[in-house]
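Observations on chain architecture
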Amino acid sequence: MTLSEEINNYIAQNRYRQINSVLVWQDGQMIAENYYNGFTKESRNVLRSVAKSILSLAAGIALDKGLLTGLDVPVADYLPQFRERRDPLHPLITVRHLLTMTSGIYWNGGIHYHCPMMVQLRRSKDWLNHIADCPVTNLPGSHYNYKEFDVILLSAVLSAVCGDLYDFINRELYLPLNIKSGRWYKSPCGVYYSVGSGEDADEKPSNLTAREMLAFGQLCLGKGSFCGQRIVSESYLTRAVSAPEDAINKNYGYLFCLGNNWYACRGYGGQRIHVFPEENMVVVIQATPTARGMAYDDLIWKTIAKQVL
Amino acid sequence: MKNNSIRIQNARIHNLKGIDVTIPKHKLTVITGVSGSGKSSLAFDTLYEEGKRRYLMFSDTQFMIDTEPAFDSITGLSPTVAVEQRIIRQSNPRSTVGTRIKISHLLAALFTNYGERDPAYDDGMPLDVSMFQRGSAKGMCVRCLGKGRAGLIDEAAMFSDKNLLICDIAHGLGRGSSTKNILSEFAATYGFDPWNNCIGDLSGEQLTLLKYGDHGKSRFPGMIPWITMLTNGSLSTSGRLAHLLSLDGLMTQRVCPKCLGTGLGEQAAHTTFHGKTITELENMYIRDLHEFLSAYNDGRNPLLSELCTKLSCMIEVGLFHLALSRPIPTLSGGEIQRLFLASYIITEMDSIIFVFDEPTIGLHETEKENLIRIIRRLVDNGNTVVAVEHDENFMREADYIIDIGPGAGIRGGIKIYEGGFTEFLHCKDSRTAPYLSAAKGFPAKTVFRPADPKKCLTLSHANIHNLKDVTVKIPLGIMVGIAGVSGSGKSSLISDTLVPTLKEVLKGKCVTGEDKKEHRTIDESNAATPEYPADAPFEFEDPRGITDKTFADIATPSLTGHTAPTPSGQDTIKRCYVIDQQPIGRSRTSCPATYTGIFDRIRAMFAETKTAKERGYTAGMFSVNSTGGCRRCKGDGVIHYHVGFGNFIDIPCDTCGGTGYVPEAMEVMLDHKNIRDILEMSVEEAFDFFADKDENIAHLLDILKRVGMGYIRLGQATPTISGGESQRIKLAKELAKGKNTKNVLYILDEPTTGLSFSDCERLIQLLNELVEQGASIIITEHDPHVLSGCDYIIELGPGGGTDGGSVIAQGTPEELRKNKQSVIGKYLKQ
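Residues numbered from 1 in each chain as written. Chains lettered and ligands numbered in written order. Predicted model: local features only at pLDDT ≥ 70, side-chain atom pairs only at ≥ 80, totals over all residues. Heavy atoms only, no water.

The subject of this paragraph is the overall build of chain B. Check the secondary structure of chain B and you find 33 helices and 26 strands. For chain B, the residues scored as buried account for 57% of the 830 residues in total. In chain B, once contacts between residues fewer than 6 apart in sequence are set aside, the share between residues at least 24 apart is 70%. A total of about 34100 Å² of accessible surface is found on chain B, and carbon and sulfur atoms cover 51% of it. (Helix = DSSP H or I, 4+ residues; strand = E, 2+ residues; numbered from the N terminus. Buried < 20%, exposed > 50% of the residue type's maximum accessible area, 1.4 Å probe, protein only. Contact = heavy atoms within 4.5 Å. Areas by Shrake-Rupley, 256 points an atom, 1.4 Å probe, with all protein chains shown as cover.)

Counting from both sides, the interface comprises 27 residues of chain B and, opposite them, 23 residues of chain A. In this assembly, chain B packs against chain A so that about 2300 Å² is buried in total across both faces, 60% of it on carbon and sulfur atoms. Of all residues in chain B, B:Val142, B:Arg143 and B:His215 give up the largest surface area on contact with chain A, accounting jointly for 26% of the area buried on that side. Between A:Arg123 and B:Asp123 there is a salt bridge, with its nearest N and O atoms 2.9 Å apart. In this structure, the connection of chain B to chain A is made through 10 residue pairs in polar contact (both at pLDDT 80 or more). Counting residues per element, the side of chain B that touches chain A draws most heavily on helix α8 (residues 223–232) of chain B, which supplies four residues. Residue composition of the side of chain B that touches chain A, by class: 15 nonpolar, seven polar and five charged. (Buried area = accessible area lost by both parts, 1.4 Å probe. Salt bridge = Lys/Arg side-chain N within 4 Å of Asp/Glu carboxyl O. Polar contact = N/O pair within 3.5 Å; in protein donor to acceptor, adjacent residues only side chain to side chain. Nonpolar A, V, L, I, M, F, W, Y, C, P; charged D, E, K, R; others polar.)

Residue and element names in this part refer to chain B. The strand order across the open sheet built from six strands is β5-β11-β12-β3-β13-β14, with neighbouring strands paired in mixed fashion. The open sheet has two edge strands, β5 (80–83) and β14 (414–419), and neither has a second partner. Across the sheet, the mean angle from the axis of one strand to that of its neighbour is 15 degrees, orientation sign disregarded. Note: strand β11 (residues 353–357) against strand β12 (residues 384–388), five bridges, orientation parallel. Within the sheet, the bridge partner assigned to Ile353 lies in β12 and is Thr384. (Pairing = 2+ DSSP bridges. Axes fitted to C-alpha atoms, helices over the stretch in contact; angles between N-to-C directions.)

Glancing now at the packing of helix α2 (residues 50–64) of chain A against helix α6 (residues 148–162) of chain A. Residues and elements named next belong to chain A. The geometry of α2 relative to α6 is characterised by a closest axis approach of 11 Å and an angle of 35 degrees between their N-to-C directions. Crossing hand, α2 versus α6: left-handed. Two secondary-structure elements touch here, α2 through Lys52, Leu55, Ala58, Ala59 and Ala62 and α6 through Glu148, Val151, Leu154, Ser155, Leu158 and Cys162. Of the residues assigned to the contact of α2 with α6, the class counts are eight nonpolar, one polar and two charged. (Left-handed = near helix turned anticlockwise from the far one by under 90°.)

Below, the discussion takes up the domain arrangement of chain B. Residue and element names in this part refer to chain B. When cut into domains, chain B gives domain 1 (2–79 + 351–436), domain 2 (149–255), domain 3 (442–533 + 567–586 + 722–830) and domain 4 (591–716). Using only C-alpha atoms to locate each centre, domain 1 and domain 3 end up separated by 32 Å. Contacts between the two partners involve 19 residues from domain 1 and, on the opposite side, 20 residues from domain 3. At the boundary of domain 1 with domain 3, total buried surface from both sides reaches about 1600 Å², with 57% on carbon and sulfur atoms. Area buried by domain 1 at its contact with domain 3 is led by His364, Glu365 and Tyr435, which between them contribute 38% of it. At the surface where domain 1 touches domain 3, the tally comes to zero salt bridges. (Domains from an automatic or database assignment.)

Our next topic: the packing of aromatic side chains. All names here are of chain B. Under the defined criterion, the tally for this structure stands at 23 aromatic pairs over all chains. Here the aromatic cluster, defined as three or more aromatic residues joined through ring pairs, consists of Phe111, Phe132, Phe273, Phe292 and Tyr296. Across the ring face of Phe159, the terminal group of Lys211 is positioned such that the distance to the ring centre comes to 5.1 Å. (Phe/Tyr/Trp six-rings, centres within 6.5 Å; stacked < 30°, edge-to-face > 60°. Lys NZ or Arg CZ within 6 Å of the ring centre and 35° of its normal.)

This is the structure we're talking about:
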C-alpha cells in the first residue's frame, strides 16, 4: 500500500470528513498529495494561527533589514499607547515577549478565536487602546500564555516599522515563495489580523493553497533559503524554531510549536505545516474548522511517521 | 401513621446515645438542648445526610459510598434540604447576593432586552446578557477585570523620605526574602547598597532605575512594577501588602478610570434602564431597588414581574438592607441562611424536608416575627421544617419539640423530651424548659450601674455608610449594649467607626483579630501558592481585598466624602480587645487546642512521657502538622473526594484509621489516653482529665467552660466552629492571660450566638464579673436577654439601610422599655 492509499484509508476509517488536503514532501519530492471534498491544488483553505508563524518570519526579515533594531526593544518604543504607563509593567514588554507569548498581559478563556477576550476586543473602537487598557498580570517574560493579544501587538509593531505590513509580507516573503495571497483583513482601527472577525469574508483573502503552505514549510526546512534565494537569515530562523535552555516554554519558539525533532505552524481546526528537519520532510494538512476545533495530528503519527520515519 | 411521620431509630452518630425519635411531617419541629448536646448531630448529620443520600441515589446523579451507618433505620423520608449557615466557607469570593440568588441574571436580561443605549457607545451590534455580568469574561471591564477599582501606588509619597533606607521602602519590602536577593543583585549592578544607602544617596539615574527597573535586563523589575505584581498581579495572594501600603497612604484604591467603577465594558456601562445603569441598581438597597422597579412594573413585562417577585421575597426574609452587589463572604451566617430561605420560597416546592440551623441568628425581635411567619408558610404549603433553635419565641411557635440533653458532649446525647410545646413546659429533666416556663428564667437586671458622665467615650460626627452624622457618648466602666434592626448602622458605628478610631489613638494597645493576621511577614504571604493559598477556603476576608464596605464606597463615590469622626475620652482606656466572629486559626488542622495554645503544652507532656523519651520522640511527633501527621491524609484523618455539583464525600483515611496520626504517635499514652483520645475530649472532659496534671491547661479549660464552651471538642476543626463559638474561644483566650482587666475595653459582636439559655446565662454572668473588676464592655446584640443584662443601651434605627443611621434611644433597659421611640424596648425582659 502506498503512503497515499494508507492516508486515504486512515481518513476513511476515522471518518475525518473535514480534512481537505494532505501533502507529504520529502527529500525534494512530493510523496503524497491527497485532496478531499472536491479540493484541488488550486483550492484555498483558511490559515488561522498558521499566520502567526508567517508573522514571525516577517519579524525576522524586519530584523535582518534593520527595521527592527532588536528583539529586546520595548514595544512602547513603537506603540504610543504603551508609553502612558497605564500599567506600570508596560515599559517592560519587549518584541521578544510578543514572539514567545510571554507579554504577561491578562488573558482569559482559552485559545480560540471566539474567546471572550476577542469578543470584547472586536467590539472596541480601537484595538491597541483596548489591549493597552488590559492589566499586565504576569511579569513580562515570566509566564507563557498563548493569546491573540501578543500577535496583534506584534502586527502593530511590524506595521510601525515596515510600512504597510501586507505589502511587506507580500514583497519580502510571498513573492519569492510564489504565494498569491489577497490582502489580509485590516481592523477599522488599522491593525492587520488575518482572521478578522472569524467570518469567512474577513478571512478569505488570506487563504492559501496546500502547495503554498508547503512552500512556507520548504523555506523553513531550507533554514531561510528557498530555491537558492536567502529570504530570512539562518540565525533568526534557527532561533524561531527552537527554544534555548532557559526558555519559559520549551515547546514554543517564536510563534512556532516545537516537538521532539520536529516543529510546526499550527492553526485552529487542524491546519498544519509540520517540518521534520532530520527526515528532510514537510507535511501539510488543511481542513475545514469546526466548532469542536478538531486536530488530525494522529494522521501524521499513525500513517506518515510509521512509513517514513 | 407511617406516612405522617419520619421515624429515626437508634441514632448514634457522635455523642447520640442510640435515640429513637418520631418527627411529624408537615409540621414545624424544633430541636432544643444545650449547646453540644447533639441537636445538630440529629438534625444535620443523621436526618439531612440520609435524606440527601437517598434522594441523590434515587435520582442517580451521584455515586455514594456507604460509610458506617449512624442509625438502624429512618422511614418516611422525602427529599431533604439543609439551610445551613456554613455554606459561606465554600462560597466563591466573587459571588454576590445578586449572583447567588440569580437576580443578577434577570437584571442582565432586563438590560439586554429593555436597556436604553447611549448612542455614543452603540456599536450597532446586539447586546448580550453576559455583557452585563462583571464576573463574565465577556462582560467585565478589561482594565480592572470587573472589580470596579484598582490600586494606585503613590510614587511621590513612597520615595519622598530622603532619609529612608532603600530596603525599608514600601514597608520594608526589600528585606523580605522574595525581594532581598533580586534587589541585591540589581543594586550591585548599579552601584548602590540597599541596606546602607538612603533614597537621598542615589543619583537621579539610580533612582529612576530603582523605581522602574532596567527593562528586564536584571531579575529585579523595579520597585513600582514589582509592587504592582505583588499587589495586583498573579503573585498577589492575600492582599496583605496592598493593605499595609493603603494604611501608610502609599496606595489608594481608586475607581477604575475605564469603567468608572461599574466593572463592566463600555457598551454595558452606557446602557440604562429608566436612567439607571445596572451597576447603580445593583448597588441600591434591595428595598429601594424593589421600589424603583415596581414603579415600572405594569405586569406586562415578565422579566420585571419576576424581578419584583424575587425582590419582595428577599425583603420578606429581612434582607432588604443588602445590595445585590454585596459579596457573599461578607454576609453573616444568619443572612446567608435567609438568602437561601428566600430562594426556597421563590421556588414554591412542597413535601420537602427543610432542616434549619438556628434561623433566627442575627435577627432583631421584629424581624424574627417575620421569619417565623415565613417558615410557618413553608409548613402550610406542605413542607416539613426541622429547626435547631435556641430562640424562645421560635420554640413557642413549634408544633413539636424534641429536647436533647441533658448536658453537652458525653453528658448529652439522650432524648429528654418529645412532644407538644405545652407539655414541654412541665418537663423537669430539660435544661431548656425551665427558662420557658419562667420556673427559672433569666435573672433580669434591676440594678443598673450608673453611667459616669466623666467616663465616656465620645464619637462625633460619624458618617460612614448610612450613619447620619451620629454623635454618641458611650459610657465606660459598665456594660453597654448596641441595639437596632439589621442594617440600622450598628456595625457601621462600632466596627467601622469606633474600632478604626481606637486603633488610631491606642495604636498597639488596641488588639483586633486582623492584627494577628498582620503578624505574618510579607514573605510568608508571597510564599503561598499563587492560585490557591492552602488556607483560602476558610478565610472570611475577601481575597480581592475588598469588603462590601469599600466596594460600596467606591461604587457610590458620594459616600467617600465623609469627615473622619473625632473621638474623645479614650484616655481612660488602658487596652482594647476587639473580639469578633472571624474564624480561629487559618489552617484546616487548627482547632481550639491549637488556637488557645494548650496544645503546645499537651504535646510537651507527651514528649515527656517515659515511652516517648525511650523512643526519642519529640513534641513534633504529636502534631499532625509535623512528624506525627499521617502521610496519606496529611493529618486530616479523612480523604476528601469531590463528587460533582459542589458536593464532597469524606472517606476516613485507612492508612491512619481516621486519626490523622502515624501509628507511632498513637502508641504513646498519657494516663491511658493517646493524643487522639485527648483531642476527642470535650472541654469539660479535658478539664477533669488535666485538673491534677497541668495548672495552666486546667485554668484555660475552666475559662472555656465559663464562656459556655464546655461542649466543644479540643480537636474540633476550625471550619466546623461557628462565628459565635470562635468569638467565645477568643474571649476565653484573652481572659486566660490573667491580665488586670481594670480599664480594659472589650468589644464583642453578638457573643451569645448559638448558645442555649443556660450557657448564655453563664456568659452574661462572666461579663458582669469583668465589669465588676473594672472593665468596660460594648456588645452589639439582638438578643433581648443579653440586652436586658446590660447597664446601658444605645439603639440605632429606626429602620435599616437609608431608614437607619440615627440614634433613636439610649438609656438603661428600664428607660428603653418606657421609651416610645425605642423599637427593642418592648421586647426587653423585666
